[in-house]
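Now for the letters of each chain:
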Amino acid sequence: MSTASCVLTEEQLLCGICLDVFTDPVTLPCGHNFCKTCIMQHWDSSILCQCPSCKEPFYKRLDLRVNTFISEMAAQFRHSAGRRSSRVAKPGEVPCDICTETKMKALRSCLVCLASYCETHLKPHLTATCLKRHQLTDPVENLEGRMCKIHDKPLELFCKNDQTCVCMLCPVLDHKSHEVIPLKEEFERKKADLGKREIEIHRMIQERRMKSQDIKHSLMFSKDAADREMAGGVQVFSTLIQSLETAQAEFIGMIEEKQKATEKQAKAFIQELEQEISELIRRRAEVEQLSRSKDHLHFLQSLGSLNASALTKDWTDVSLNLPSYEGIVRTAVDQLEEMLGKQMEKLIHKIELHRIKQFAVDVTLDPDTAHSALILSDDGKQIHHGDLKKNLSDNPERFNPSCCVLSKQCFSYGRFYFEVQVKDKTRWTLGVAKESIKRKGITPLCPENGHWTMWLKNGDEYAALVGSPLPLSLNPKPQKVGVFVDYEEGLVSFYDVDTAAPLYSFTGCSFTDKLYPFFNPGLNNDGKNSAPLVISIVNHTDCF
């Protein structure tokens, strides 16, 4: 029997109904086993008598008898499991204080005896009348620490005045007039406080995680800004280096050109002199030969022809036109300084616009504000003047008779920037306007009336609308206009996006109302101004 128990497992000896080790096991005709009480109660609560496991039906209630073999096996298993329940104490577990040789694991601790007991040594506390009154608890270490050091009694109370645990005698002797409550009451209160603290710590953890995410996001934003700034700076210095190299090449080329002209003149003089030298050598030979002649007639006749062909060029005052290099470096540096000044101005404008573009916003047109003759694209990004008015309700927000439209987006703080393509147009008006502007009737566009705008008229007449139009000389003509607003600074600036050149700025403005991007594409004018105003997607790399 003991051999068999070694190979059996608890799962093999469990009743399928109560899921516990068999008690008075019975075997059904189908071969499945159950506790006798379990199967009888199961059939009592069911209409049909059938096996709970395989559902095989039985047409009458069976006369079940206990299977003695399985019953003995179950009893043997219980006995073996009982022995195994008393096991040796492992590190970290409370050992039995009574065991002498091998310390078994303690099941309970006695607060009166101040000792912990294993299953075997605990039995007297469960059976002896005098020991049954002792207070048992789950196994704990350091039982001495649970006793009052003064009165040698269990610490069962809590003194709120001294914030310490006390025994039943302490309030009578050492803690008179103190507020004393049961340990359980203080435990529940402190546990509730601990729960609140746990919630607070959890909140603090979440706050710090969010702060960590914010810092990571800021770091990423800083890195992106650094990368953009570095790219822009590299481009600036590359442009300056290129300008310096160009100026250096022009300076060297100018000196080399002058030197080449001098060399050319010198070579011409030398060639002419060498030719005359050769001629003179030839004539010297003729003179020497004639001087040795004794024929009087021949001498006189030859002497006349020799004098007639004599060279007449005087080289006394002939000299090279040596170029003057004095001041060339100074002139080159002055020209370079002027060129770099213009280049730096352009680069500064590009850097400024590049930084401004980080405040770009997504702007779409509001059809509820558009004049009835304006045609908007489905995506709200384009607008042009049509030939016919649409039959639209003249709501208070709609402009009439001015052919204007506002954006859906409004801004009441911070900075924002948007770009509008004005290519192929002969007339347009752009800028921002406050929410409370008049939308009915003809109203002059000016800051006093809540408009900060500029326009193009007649194809080449640009002006800032500051009251009376202030003419602007723009060359080249902008194909795309950027509008930047700093609400707190009171600034509205216009830029030529392609060249990054500033066109005009309204400064010292006092904004107290919501601001809306403002658009007027101008009249069609028989097709001469049919191109639309197009709200562009801002490209942060356009400047460089």
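In this section: the overall build of the chain. Helices and strands together make up the secondary structure of the chain, namely nine helices and 23 strands. Its C-alpha atoms give the chain a radius of gyration of 55 Å, more than 25% over the compact-globule value 24 Å for 544 residues. Per-residue burial over the chain gives 32% buried out of 544 residues. Counting only contacts in the chain whose residues sit at least 6 apart along the sequence, the fraction spanning at least 24 positions is 55%. By element, 54% of the accessible surface of the chain is carried by carbon and sulfur atoms, the whole surface being about 34800 Å². The averaged location of the 73 negative side-chain charges in the chain is 8 Å from the averaged location of its 68 positive side-chain charges.

What follows covers the packing of aromatic side chains. Following the criterion strictly, the structure yields eleven aromatic pairs and no others. When the centroid spacing of 6.3 Å and the interplanar angle of 65 degrees are considered together, the rings of Phe-494 and Phe-506 count as edge-to-face. One end of the pair, Phe-494, is in strand 20 (residues 491-496); the other, Phe-506, is in strand 21 (residues 501-506), and twelve residues separate them in sequence. Overall, the relative accessible area of 5% leaves Phe-506 in the buried class. Considering the side-chain rings of Tyr-504 and Phe-506, the 5.1 Å spacing of their centres and the 80 degrees angle between planes classify their relative orientation as edge-to-face. Taken together through their ring pairs, the aromatic side chains of Trp-452, Tyr-487 and Phe-511 make up a single cluster.

The next thing to look at is the pattern of salt bridges. Under the counting rule described, the total for this entry stands at 18 salt bridges. One salt bridge connects Glu-179 with Lys-160, and the closest N-O pair in it is separated by 3.6 Å. Of this pair, Glu-179 sits in the loop between helix 6 (170-173) and strand 10 (180-182) while Lys-160 is found in the loop between strand 8 (157-159) and strand 9 (164-166), placing the two residues 19 residues apart along the sequence. Judged by its relative accessible area of 45%, Glu-179 is partly exposed. One salt-bridge network, in which partners are shared between bridges, spans Glu-186, Arg-189, Lys-190 and Asp-193.

Time to look at the nonpolar core. Among the nonpolar cores identified, the biggest contains 36 residues, and Trp-428, Val-492 and Phe-519 are the most heavily contacted of them. Sequence-distant contacts of Phe-519, that is, excluding residues within four places in its chain, are made with Val-363, Leu-365, Cys-403, Cys-404, Val-405, Ser-407, Phe-418, Val-420, Thr-429, Leu-430, Leu-533 and Ile-535. One finds Cys-35, Trp-43, Cys-49 and Phe-77 within the second-largest nonpolar core, a separate group that totals 19 residues.

Counting buried positions over the seven residues of strand 14 (residues 415-421) gives five, a clear majority of the element. Pairing of strand 14 with strand 23 (residues 533-536), which is carried by three bridges, proceeds in the antiparallel orientation. In the strand pairing of strand 23, Gln-421 is matched with Val-534.

Turning to the sheet that holds strand 6 (residues 115-117), a few remarks are in order. The three strands lie next to each other as 6-5-7, forming an open sheet whose pairing is antiparallel. The open sheet is flanked by strand 6 and strand 7 (136-137), the only strands paired with a single partner. Both strand 5 (residues 108-110) and strand 7 contribute to a ladder of two bridges, which runs antiparallel. Residue pairing across strands places Ser-109 opposite Thr-137, the latter belonging to strand 7. Its contacts with the sheet put helix 4 (residues 119-127) on strand 5, strand 6 and strand 7, and the angle it makes with strand 6 is roughly 110 degrees.

A few words now on the confidence of the model for the chain. When pLDDT drops low, the exact placement of atoms in the prediction is not to be read closely. In this model, the chain carries a mean pLDDT of 87, and residues with pLDDT of at least 70 account for 95%. Across residues 1-6, where pLDDT falls below 50, the model places seven contacts with residues more than four positions away in sequence or in other chains.

Time to look at helix 9 (residues 328-356). In this model, helix 9 (29 residues) spans 41 Å end to end at C-alpha, consistent with the 42 Å of a helix rising 1.5 Å per residue. All of the buried residues along helix 9 are Ile-328, Ala-332, Leu-336, Leu-340, Leu-347, His-349, Leu-353, His-354 and Ile-356.

Time to look at the sheet that holds strand 15 (residues 428-434). Spatial strand order, 13-22-15-16-17-18: six strands in an open sheet with antiparallel pairing. Only two strands of the sheet have a single neighbouring strand rather than two, namely strand 13 (405-406) and strand 18 (469-472). Two strands pair when backbone bridges link them, and strand 13 and strand 22 (residues 515-520) are joined in this way by two bridges, in the antiparallel orientation. The partner of Val-405 across the bridge, within strand 22, is Phe-519.

Moving on: unusual backbone geometry. Pro-401 follows Asn-400 through a cis peptide bond whose omega is 10 degrees. Relative to the helices and strands, Pro-401 resides in the loop between strand 12 (382-385) and strand 13. Backbone geometry at Ser-177 places phi at a positive 65 degrees, although glycine is not the residue there. Locating Ser-177 in the fold gives a position in the loop between helix 6 and strand 10.

Another aspect to go through is the packing of helix 7 (residues 183-291) against helix 9. Direction vectors running N to C along helix 7 and helix 9 enclose 160 degrees, while the axes themselves pass 10 Å from each other. Here helix 9 runs roughly antiparallel to helix 7, going by the angle between their axes. When you trace helix 7 past helix 9, the crossing you get is right-handed. Counted together, Arg-228, Glu-229, Val-236, Thr-239, Leu-240, Ser-243, Leu-244, Ala-247, Phe-251, Met-254, Ile-255 and Lys-258 of helix 7 and Ile-328, Val-329, Ala-332, Leu-336, Met-339, Leu-340, Gln-343, Met-344, Leu-347, Ile-351, His-354 and Arg-355 of helix 9 form the full contact between these two elements.

Rules behind the numbers
Residues numbered from 1 in each chain as written. Predicted model: local features only at pLDDT ≥ 70, side-chain atom pairs only at ≥ 80, totals over all residues. Heavy atoms only, no water. Helix = DSSP H or I, 4+ residues; strand = E, 2+ residues; numbered from the N terminus. Rg over C-alpha atoms; globule rule 2.2 N^0.38 Å. Buried < 20%, exposed > 50% of the residue type's maximum accessible area, 1.4 Å probe, protein only. Contact = heavy atoms within 4.5 Å. Areas by Shrake-Rupley, 256 points an atom, 1.4 Å probe, with all protein chains shown as cover. Lys, Arg positive; Asp, Glu negative; His and termini not counted. Charge placed at Lys NZ, Arg CZ, Asp CG, Glu CD. Phe/Tyr/Trp six-rings, centres within 6.5 Å; stacked < 30°, edge-to-face > 60°. Salt bridge = Lys/Arg side-chain N within 4 Å of Asp/Glu carboxyl O. Core = buried A, V, L, I, M, F, W, Y, C linked by side-chain atoms within 4.5 Å. Pairing = 2+ DSSP bridges. Axes fitted to C-alpha atoms, helices over the stretch in contact; angles between N-to-C directions. pLDDT = per-residue confidence, 0-100. Expected span 1.5 Å × (residues − 1). Parallel < 35°, antiparallel > 145°, perpendicular 65-115°, else oblique. Left-handed = near helix turned anticlockwise from the far one by under 90°.

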